[in-house]
Amino acid sequence: MARAFIGETECQVNVDKDLGDSWAVSVVPPANRGLATLVVKLQGEDPEKVAKGALEILQKSGKIDRFEA
């Protein structure tokens, strides 16, 4: 299971099937941290590759600091 980090805060990563071959990848921080959930939608067949691609996008855009796939 992938993990994402915003600063030192570990966030849960969810990969959910959307319409067709689309996936919604969400980074969910703990409720007590006051951080917003981040969502990226991508198309693909392999959920692990889709998750890694979404996390790379979030990291390059500065939304997360690092991730472990």
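Data block above holds the structure.
Read on for an overview of the structure. Model, not experiment: these values are computed from the prediction.

## Side note on a negative patch on the surface
Thinking step 1. The grouping of Asp 21, Glu 45, Asp 46 and Glu 48 at the surface amounts to a negative patch.
Thinking step 2. Using a relative accessible area of 66% as the deciding quantity, one classes Glu 48 as exposed.

## Focus on the sheet that holds strand β3 (residues 22-28)
Adjacent strands of a sheet form backbone hydrogen bonds with each other and so pair up, either parallel or antiparallel.
Thinking step 1. Within the open sheet, the five strands sit side by side as β4-β3-β2-β1-β5. Their pairing is antiparallel. Two strands close off the open sheet at either side, each with one partner strand: β4 (38-43) and β5 (66-68). Strand-to-strand twist in this sheet, taken as the mean axis angle between neighbours without regard to direction, amounts to 25°.
Thinking step 2. Strand direction decides the pairing type here: β3 and β4, joined by six bridges, are antiparallel. Paired with Ala 24 across the bridge in β4 is Lys 41.
Thinking step 3. Its contacts with the sheet put helix α1 (residues 47-60) on β1 (3-6), β2 (9-17), β3, β4 and β5, and the angle it makes with β4 is roughly 130°.

## Observations concerning α1
Thinking step 1. Here α1 contains 14 residues, and its C-alpha end-to-end distance of 20 Å stays within 8% of the 20 Å for a straight helix at 1.5 Å per residue.
Thinking step 2. Among the residues of α1, Val 50, Ala 51, Ala 54, Leu 55 and Leu 58 are the ones counted as buried. All buried residues of α1 lie within an arc of 130° about the axis, which places them on one face of the element. Residues of α1 that are exposed and point over 90 degrees away from its buried face: Glu 48, Lys 49 and Lys 60.
Thinking step 3. Each element contacted by the buried residues of α1 is listed here: β1, β2, β3, β4 and β5.
Thinking step 4. You can read the cap of α1 off the contacts: a side-chain oxygen lies 3.0 Å from the backbone nitrogen of Glu 48, and it is on Asp 46.
Thinking step 5. At the exit of α1 stands Gly 62, carrying a positive phi of roughly 80°.

## A short note on the pairing of β1
Thinking step 1. Note that β1 and β2 share four bridges and pair antiparallel. Across the sheet, residue Ile 6 finds its bridge partner in β2, namely Thr 9.
Thinking step 2. Count of turn residues in the β1/β2 antiparallel hairpin: two residues, of which Gly 7 carries a positive phi of about 65°.

## Describing the side chain of Thr 9
Thinking step 1. Following the sequence through the fold, Thr 9 ends up in strand β2.
Thinking step 2. Classification of Thr 9 by relative accessible area gives buried; the value is 13%.
Thinking step 3. Excluding its chain neighbours within four sequence positions, the residues that come into contact with Thr 9 are Ala 4, Pro 30 and Arg 33.

The rules we used
Residues numbered from 1 in each chain as written. Predicted model: local features only at pLDDT ≥ 70, side-chain atom pairs only at ≥ 80, totals over all residues. Heavy atoms only, no water. Patch = residues over 30% accessible without salt bridge, like charges linked within 9 Å, V, L, I, M, F, W, Y side chains within 5 Å. Areas by Shrake-Rupley, 256 points an atom, 1.4 Å probe, with all protein chains shown as cover. Salt bridge = Lys/Arg side-chain N within 4 Å of Asp/Glu carboxyl O. Lys, Arg positive; Asp, Glu negative; His and termini not counted. Charge placed at Lys NZ, Arg CZ, Asp CG, Glu CD. Buried < 20%, exposed > 50% of the residue type's maximum accessible area, 1.4 Å probe, protein only. Pairing = 2+ DSSP bridges. Helix = DSSP H or I, 4+ residues; strand = E, 2+ residues; numbered from the N terminus. Axes fitted to C-alpha atoms, helices over the stretch in contact; angles between N-to-C directions. Contact = heavy atoms within 4.5 Å. Expected span 1.5 Å × (residues − 1). Arc of directions from axis to C-beta. Polar contact = N/O pair within 3.5 Å; in protein donor to acceptor, adjacent residues only side chain to side chain.

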